[in-house]
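# What the coordinates show
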Amino acid sequence: MAKIEQYTAVGLSPTVWGATKRSDIQKNLDHIHDNLKAATWLSGLELPVKLAVIPEGALQGFTDEVMDMDHATYANKIAIDIPGDETHTLGEYAAEFETFIVASAKEKAEPKFPNKFFNTAFIIDPDGDIILKHRKVTPLLPVERSVSPHDVWDAWIDEHGKDLDAFFPVADTDIGRLGISLAIEGAYPEYVRGLAMNGAEVICRISCPEPLVANDGWRIQNRARALDNTAYLVAPNLGTYYLTPDEETPVDTFGGGSMVVNHRGDVLAEHDYGAGSSYVGAPIDIEGLREHRTRSPLTNWLKDLRTELCQVIYDQELYPKNRYLDAQPPHHDEYAEEVTQARIDSMIKQDIWVPPYQDRDEANESIE
């Protein structure tokens, strides 16, 4: 195994135009090329750029979520094939700039799941080949109706199994072992831990909307996930967002905060929102990380993990599996009533949560 020299990882913060049809994606791809060219050139003046991370939503925006689109309509009108024309274009960029590229898109789930789509992240190597695909395991549930492998659990495990590779894949590359945490997945410690337990050394957490940036949730989570798992974390956030390609006035939906964090939880570089497009870059020292993991008696935490205790914590069902195995994801109002409120009520019923005083009082009155 050859020594991995230090290199620069960049996280892009591109402007994005929400796609209303699949052909709209090309405008975003053209812009990503310009953003990537600037980032690799300037950040590469110190150390060569070997990893470029593109945030979630950069190809298509979030039209399905913002407009509460019918799931099947979006799947057939805007979702893409992976591999397909769009990933081929990104592959050309990877070859041009001699870098690994991490990106994501809403992907058609056919032929296994007709009229459905996944939120899929992927890694493209410098030869232009897709070397990893990761389907988002927990969408931004109040508004995002992407199908998770958990939503089609029985069919998923029949085809893919239920080991770490089935849900938390990691690519072993010549710049280290790379894994992806898709946006809100990074808010759940278990999902990033799954990547670390599968060997990830650089975790790419791609994008997160307000209010999680302004209230520091994004920054706290990023630092904690890197520290807890003794891993680098590259976390770009989107730049300016236009709801549609024809929209004249943009919205700062994401609030900036692109960053790179090292395995000690130190923020190596951070970029606030700049009213446009930008990027963040910092050095990655894989050999230094490996030395820390194998020599520290304390802060290489995973070696001390008592997994039997963790199994006790999670030996119960909370969010139901197989929701969309034989059904379509619903609209926002249906989901809020059928799932969100039902989950809250279930947590109270199981005595995991205690309702606030006014709700307890109302419950007591109804009993009387």
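Here, every reference points to the structure presented above.
Now for a look at the structure at hand. (Residues numbered from 1 in each chain as written. Predicted model: local features only at pLDDT ≥ 70, side-chain atom pairs only at ≥ 80, totals over all residues. Heavy atoms only, no water.)

## A few points about the packing of helix 1 (residues 25-43) against helix 4 (residues 85-97)
Let me state the cut-off plainly: The axes are straight lines fitted to the C-alpha atoms, using for helices just the contacting stretch, and the angles between their N-to-C directions are given from 0 to 180°. In this text, helices come from DSSP runs of H or I with a minimum length of four residues, and strands from runs of E with a minimum of two, each type numbered from the N-terminal end. Note on terminology: angles under 35 degrees are roughly parallel, angles over 145 are roughly antiparallel, angles of 65 to 115 are roughly perpendicular, and the others are oblique. In this scheme the crossing of two helices becomes right-handed for a clockwise turn of the near helix relative to the far one and left-handed for an anticlockwise turn of less than a right angle. Contacts are assigned to residue pairs that have any heavy atoms within 4.5 Å of one another. Throughout this entry, Asp, Glu, Lys and Arg are counted as charged residues, while Ala, Val, Leu, Ile, Met, Phe, Trp, Tyr, Cys and Pro are counted as nonpolar. The remaining residues, Gly among them, count as polar.
At their nearest, the axes of helix 1 and helix 4 sit 11 Å apart, and the two run at 15° to each other. One way to sum up the angle between helix 1 and helix 4 is to call them roughly parallel. In the crossing of helix 1 with helix 4, the sense of the turn from one axis to the other is right-handed. Between helix 1 and helix 4, the residues in contact are I25, L29, D30, I32, H33, L36, K37 and T40 and E86, T89, L90, Y93, E96 and F97, respectively. Per-class residue counts for the contact of helix 1 with helix 4 are 7 nonpolar, 3 polar and 4 charged.

## Some thoughts on the nonpolar core
Heads up, the rule is: Here, the term nonpolar core denotes a set of buried Ala, Val, Leu, Ile, Met, Phe, Trp, Tyr and Cys residues that are joined through side-chain atoms within 4.5 Å. For each residue, the accessible area found with a 1.4 Å probe, counting protein chains only, is set against the maximum for its type, and the residue is called buried under 20%, exposed over 50%, and partly exposed in between.
Core analysis: the biggest nonpolar cluster contains 34 residues, and I32, I54, L90, Y93 and I101 have the highest contact counts within it. Counting only elements with at least two residues in this core, the list comes to strand 1 (7-13), helix 1, strand 3 (49-53), helix 3 (71-77), helix 4, strand 4 (100-108) and strand 5 (117-124). Tallying contributions element by element places helix 1 first for this core, with 5 residues. Not counting residues up to four positions away in its chain, the partners in contact with I32 are L12, P14, I54, A58, L59, L90 and Y93. Counting residues in each nonpolar core, the second largest holds 30 residues, with F113, V170, V192 and V339 among its members.

## Focus: the sheet that holds strand 6 (residues 130-135)
Note the cut-off: Any two strands with at least two DSSP-identified bridges between them are counted as paired.
Taken in spatial order, the 6 strands line up as 6-5-4-3-1-14 in an open sheet, and their pairing is mixed. A strand with exactly one partner marks an edge of an open sheet, and here the two such strands are strand 6 and strand 14 (278-284). Along the sheet, successive strands turn relative to each other by an average axial angle of 25°, direction set aside. Packed onto the sheet, helix 1 meets strand 1, strand 3, strand 4 and strand 14 and runs at close to 150° relative to strand 1.

## Details of the pattern of salt bridges
Quick note on the threshold: Every case where a carboxyl oxygen of Asp or Glu lies within 4 Å of a side-chain nitrogen of Lys or Arg is listed as a salt bridge.
According to the stated counting rule, one finds 16 salt bridges in the structure shown. Its salt-bridge partner being R219, residue E270 comes within 3.0 Å of it at the nearest N-O pair. Remark: R219 occurs in helix 8 (residues 217-229) and E270 occurs in strand 13 (residues 267-272); sequence separation between them is 51 residues. Its salt-bridge partner being R290, residue E287 comes within 3.9 Å of it at the nearest N-O pair. Of this pair, E287 and R290 both sit in helix 9 (residues 286-295), 3 residues apart, roughly one helical turn.

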